[in-house]
Amino acid sequence: MKNKGLSVFSIAATYIGTVVGAGFASGQEVLQFFGYHGVKGFVGLFAAAIMFIVYGYFILLLGNRLNASSHYEVIMDVGGPFFGKIMDYIIIFFLFGAFTAMLAGTAAIFKEQFGLPSQFGAVLMAVISVMTVLTGIAGVISAISFVVPILLLGVFLISALALFYTPDIFVLSRISMPFDAAVKNFFISGVIYASYNLLMSVAILAPLGNQTTNKSDLKLGALFGGLGLWAGATMILVAILLNMPKVSNYQIPMLYIAGKFSTLLKLIYSFILIAEIYTTAVGNLYGFVARLTDVKSTLYKVCTIITGGVGLILSGFGFSKLVHYMYPIAGYAGIVMLIGITHGLIKKK
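1. Here we look at the overall build of the protein chain
The secondary structure content of the protein chain amounts to 13 helices and zero strands. Helices (α) and strands (β) of the protein chain occur, in sequence order from the N terminus, as α-α-α-α-α-α-α-α-α-α-α-α-α. In terms of overall dimensions, the protein chain is globule-like: its C-alpha atoms have a radius of gyration of 19 Å, near the 20 Å expected for 349 residues. When the backbone C-alpha atoms are referred to their principal axes, the protein chain occupies close to 55 × 45 × 35 Å. Within the span of the protein chain, comprising 349 residues, buried residues form 60% of the whole. Across the protein chain, contacts joining residues at least 24 apart in sequence account for 85% of those joining residues at least 6 apart. Looking at the protein chain as shown, the accessible area adds up to about 14000 Å², and 71% of this sits on carbon and sulfur atoms. For the protein chain, the distance from the average position of its 20 positive side-chain charges to the average position of its 10 negative side-chain charges is 3 Å.

2. Some points on the nonpolar core
Nonpolar side chains tend to gather and get buried jointly when the protein is soluble and globular. With 120 residues, the main nonpolar core has F33, F52, L151, I257, Y269, M337 and I341 as its most contacted residues. Broken down by element, the residue count for this core peaks at 18 residues, all from helix α5 (residues 71-112). Once residues within four sequence positions are removed from consideration, Y269 is found in contact with A25, L151, G154, V155, I158, M254 and L255.

3. Thoughts on the environment of Y55
In this structure, Y55 sits in helix α4 (residues 40-65). Ignoring any residue separated from it by four or fewer positions in sequence, one finds Y55 in contact with L198, L338, I341 and T342.

Calculation notes
Residues numbered from 1 in each chain as written. Predicted model: local features only at pLDDT ≥ 70, side-chain atom pairs only at ≥ 80, totals over all residues. Heavy atoms only, no water. Helix = DSSP H or I, 4+ residues; strand = E, 2+ residues; numbered from the N terminus. Rg over C-alpha atoms; globule rule 2.2 N^0.38 Å. Buried < 20%, exposed > 50% of the residue type's maximum accessible area, 1.4 Å probe, protein only. Contact = heavy atoms within 4.5 Å. Areas by Shrake-Rupley, 256 points an atom, 1.4 Å probe, with all protein chains shown as cover. Lys, Arg positive; Asp, Glu negative; His and termini not counted. Charge placed at Lys NZ, Arg CZ, Asp CG, Glu CD. Core = buried A, V, L, I, M, F, W, Y, C linked by side-chain atoms within 4.5 Å.

Printed below as a string of structure tokens:
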């Protein structure tokens, strides 16, 4: 049953919250994909924003048309029985991988910022993610929508402080370390960044599109969601470039920057970051389990708990390594998915 009352804000916030997480809010993704490219990174980021807006709307619209309960209906519709199956398996694999990365990100924060055992952070995130996903799609949307404004406020505050206290703003133009970047070309880096995020967001965007009868709200939700992601990532990029190259030595760059201004601000942002990791963790976990089981069945609950446990075990691989190696691979897979969506929409028209 479609919900006529799902607001543009809820759609946009859920979209943003599904994308931002350990990698985005920590600054690690922005560093790896844009920061090492210097000012050219802004061009790549703008290209990513356009892709977020356009393809976010396409996926929401397809989810609405197909009454999607997971990404499966959308992928099979645009890809057909052969291509759709391949993309389905790729999405399932990377949804689980991204969930594992969120647990690893929490572990890094607890170790680096709180001086606590990393396993404690990973276990805590796994438990609260599992508990949320057990409530279904409504609980996931509510949780994500609540946290997103808090994150954007925190990002803008720290970035504004970084700008205000920088004596030489022209340092931005002197930073360029492309050989350390996850993707060596700045423009392709933006395309890869958007495509891997869309690959993992389709699991939430498809059923999200099915939660409203108002298609104009889907268009505005994709627009504001894409703009919100662009604005947040741009501010993070500015803060990172103003603190290069030292900031590149930290797994959680934004916490290093926050700590330069205030211990209290660093502590507050630590909790904001954990909350944002939570939004992406629940999105990825829900998308993974909803695809494998019927969300109304007992098997859904069992699969959710087992997935949380397995992800917890594999999160020991390390956060920055997961971002550097897994995300670019997911990006190339995402490009294949976006080509399939584009082809499917053109064919149907």
